[in-house]
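Each chain is listed here by its residues.
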Amino acid sequence: MKLAFAAIHPKAGRIDATLPDLGCGLTWPAVHKTRPRVALRCPECGHGVHAKVSARNLRYFAHDPGRPADCAWLNESLEHHLLKLELATAVRAAADWHAELEVRSPDGTWRADVLASSHDGTRRIAWEAQLSPITIDDIEERTERYGAAGVGVCWVSPAAQAPWMGHVPSIRVREPAQGRPWTVVEGPAAFDFDHGTWVTIDTLELTAFVRWVSRGQPVVHEVRPRYHRVWFGADDLYRRRRLVWTTSAHIDTETRHEAMRQRQDARKRQREEQQHQAEQQAAAEAEARRQDQQRQREIRAAEEAARRDEQLRKWAADAEQARQRRETEEKQRQAQLRAAEQQRLRQEQHERLAADRWWGELSAAQIHELREAVAEPLWKTHAARPEFDTQGPTPEHAYGIAIRIRQRLHGVLRPNPASLHRLPPAVWVYVRNAREAQQLAATGTIDPARIVHFNLPDHEQMSLI
Ligand SMILES: [Zn+2]
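Summarised in this report is the structure supplied together with it. Since the structure is predicted, the reported quantities are computational estimates derived from the model, not experimental observations.

Let's shift gears to the overall build of the protein chain. Scanning the protein chain from terminus to terminus reveals 6 helices and 23 strands. Against the globule reference of 23 Å for 465 residues, the protein chain gives a C-alpha radius of gyration of 76 Å, more extended than a compact globule. Based on the C-alpha atoms only, the size of the protein chain along its principal axes is roughly 225 × 40 × 40 Å. Averaged over its 68 positive side-chain charges, the protein chain has a centre that lies 3 Å from the centre of its 64 negative ones.

As structure tokens, this is what we get:
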């Protein structure tokens, strides 16, 4: 289907096949099947066109044979044309607005499917039926061109997923079905304060939406970054959208919600900051405690070391004192030993001198006489001859002469009274007479019962001389 709704009339100028008076006071029969033909031209490419009526009674203009292949109006589908017609009808239904189809700007920077104009000419809105694929960059650039010309724009698509939807002022529409007219199912949105999200409105009739936009009730709103995820109730999911159609009341609601969220964020940051400060303070206190404990430990360790050193010094001093004391005691002991030894030597010398005097009292004959006196009775009682120690008087026998019978010590002959403490125990002691016995007993160191004497005279018998 190669068709267009607008054409240039040689006298009336631009004419519109969708309007009863063609937009300029003419009638359809004045251009359709006239003789001679009216020289109509395509507003886009300038090629000749002629008026036609389709089998479904749709009025339009078709290019004459030999048309240029690149005319913009030629490569559009019937669906596209029907949507344009629907948009134009909706605009015309709004009070005080009129719509022109397939309008090209004087300088060629834009070409609107449907250009809606307010009656007083102060506002213009381009309604674009965008069915063919277009990149986001391209559609944003075309939107900017409209903006630069002071023309509003709304891009309209029936496609389920147009990638540019929500990047530029746009709506998604649904064809009439099950008794419902053309319906806007995406684009308008309301802000739900409780859920803090934009919610798509998908129940507006296209006619009503176009009327409201014409009245300036909904405006294109750039959603705050926090709310880019828009809720689609019919699909039960979120989609990211940058622009929505909405009213100032909903924008205010979004603003209030944003303010609340910023307060919450501020409180949260404040809490986090306070918590951070509290943690830092706690960490600083813990560090101070740790350092204090460390100092205490060091002080205790130093005290302990000093105490140990003091103890060691004390031990060393005690040990030195003990060593000096032992040394002194040892010297004293040595001195005492030396004194005792000297005493002993003096005693021995004294005893020895005494023993010399003791025995010096007797002549050899007297000694012989005494030995005989001792031996005689012993011979009788023991049936053995007593042996007199050939060493003579010895200190261990109290400076007397040991008497043995059959190798066993029996007694001591004439021990020195000064040395009786040296006398072996339980031996007999033999002396010359009672005077000597008395002399020994007088020392008190010997049992008188063990002393035997023989009444020998103190002086040699004259008879023996
Ligand atoms: Zn053309």
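Past the structure itself, the notes keep going.
Moving on, we come to the sheet that holds strand 19 (residues 387–388). Taking strand neighbours across the sheet as the criterion, the 5 strands line up as 19-20-21-22-23 in an open arrangement whose pairing is mixed. Looking at strand neighbours, the two that pair on one side only are strand 19 and strand 23 (451–453), the edges of this open sheet. Of the pairings in the sheet, the one linking strand 19 to strand 20 (residues 401–405) comprises 2 bridges and is antiparallel in character. Along strand 20, the bridge assignment pairs Glu 387 with Arg 404. Here helix 5 (residues 364–382) sits on the sheet in contact with strand 19, strand 20, strand 21 (408–413) and strand 22 (428–431), set at roughly 145° to strand 21. Contacting strand 22 and strand 23, helix 6 (residues 434–441) runs over the sheet at an angle of about 160° to strand 23.

The subject of this paragraph is the environment of Arg 432. Along the chain, the position of Arg 432 falls in the loop between strand 22 and helix 6. Exposure remark for Arg 432: the relative accessible area of 2% places this residue in the buried category. As a C-alpha pair, Arg 432 and Leu 456 span 24 residues in sequence and 5.4 Å in three-dimensional space. Apart from the residues lying within four places of it in its own chain, the contact partners of Arg 432 are Leu 362, Gln 366, Leu 370, Arg 414, His 453, Phe 454, Asn 455, Leu 456, Pro 457 and Asp 458.

A word on the sheet that holds strand 11 (residues 183–186). Strand order in the open sheet formed by 7 strands is 6-7-8-9-10-11-14, and the pairing between neighbours is mixed. With one partner strand each, in any of the chains shown, strand 6 (97–104) and strand 14 (204–205) form the two edges of the open sheet. Here 3 bridges tie strand 9 (residues 152–157) to strand 10 (residues 170–174), and the two strands are oriented parallel to one another. Bridge pairing links Val 156 to Ile 171 in strand 10. Strands strand 7 (111–118), strand 8 (124–129) and strand 9 of the sheet are contacted by helix 2 (residues 136–148), whose axis makes an angle of about 145° with strand 9.

So, on to empty space enclosed by the protein. Counted by the stated rule, this structure contains 2 cavities of 30 Å³ or more. What the largest cavity holds in volume is close to 90 Å³. As for the largest cavity, its lining consists of Met 165, Gly 166, Val 168, Ser 170, Glu 186, Gly 187, Pro 188, Thr 200, Arg 241, Leu 243, Val 244 and Trp 245. If one sorts the elements of the lining of the largest cavity by residue count, strand 18 (residues 243–246) sits on top with 3 residues.

With 19 residues, helix 5 should cover 27 Å at 1.5 Å per step; its first-to-last C-alpha distance of 26 Å lies within 8% of that length. Buried-residue contacts for helix 5 involve strand 19, strand 20, strand 21 and strand 22. Phi turns positive, to about 55°, at Ala 383, one or two residues after helix 5.

Attention now goes to the state of the cysteines. The final tally for this structure, using the stated rule, is 0 disulfides. Between Cys 24, a cysteine without a disulfide, and Cys 42, which holds the nearest cysteine sulfur, the sulfur-to-sulfur distance is 17 Å. On the accessibility criterion, Cys 42 (2% relative accessible area) is buried.

Once that is clear, we can look at a positive patch on the surface. Taken together, the side chains of Arg 263, Arg 267, Lys 268 and Arg 271 define a basic patch exposed on the protein surface. Counting through the fold element by element, Arg 271 comes out in helix 4 (residues 248–360).

Another aspect to go through is the pairing of strand 2 (residues 13–16). Bridging between strand 1 (residues 6–9) and strand 2 involves 4 bridges; their strand directions are antiparallel. Among the inter-strand pairings, Ala 7 is bridged to a residue of strand 2, identified as Ile 15. In this antiparallel pair of consecutive strands, strand 1 and strand 2, the connection spans 3 residues.

Analysis parameters
Residues numbered from 1 in each chain as written. Predicted model: local features only at pLDDT ≥ 70, side-chain atom pairs only at ≥ 80, totals over all residues. Heavy atoms only, no water. Helix = DSSP H or I, 4+ residues; strand = E, 2+ residues; numbered from the N terminus. Rg over C-alpha atoms; globule rule 2.2 N^0.38 Å. Lys, Arg positive; Asp, Glu negative; His and termini not counted. Charge placed at Lys NZ, Arg CZ, Asp CG, Glu CD. Pairing = 2+ DSSP bridges. Contact = heavy atoms within 4.5 Å. Axes fitted to C-alpha atoms, helices over the stretch in contact; angles between N-to-C directions. Buried < 20%, exposed > 50% of the residue type's maximum accessible area, 1.4 Å probe, protein only. 1 Å grid on protein atoms, 1.4 Å probe; cavity = no way out; pocket = protein on both sides within 12 Å on 5 of 7 lines; lining within 4 Å. Points joined across faces, edges and corners; volume = space filled by probe spheres on them. Expected span 1.5 Å × (residues − 1). Disulfide = S-S within 2.5 Å. Patch = residues over 30% accessible without salt bridge, like charges linked within 9 Å, V, L, I, M, F, W, Y side chains within 5 Å. Areas by Shrake-Rupley, 256 points an atom, 1.4 Å probe, with all protein chains shown as cover. Salt bridge = Lys/Arg side-chain N within 4 Å of Asp/Glu carboxyl O.

Function cannot be read off these values alone, since they describe shape.
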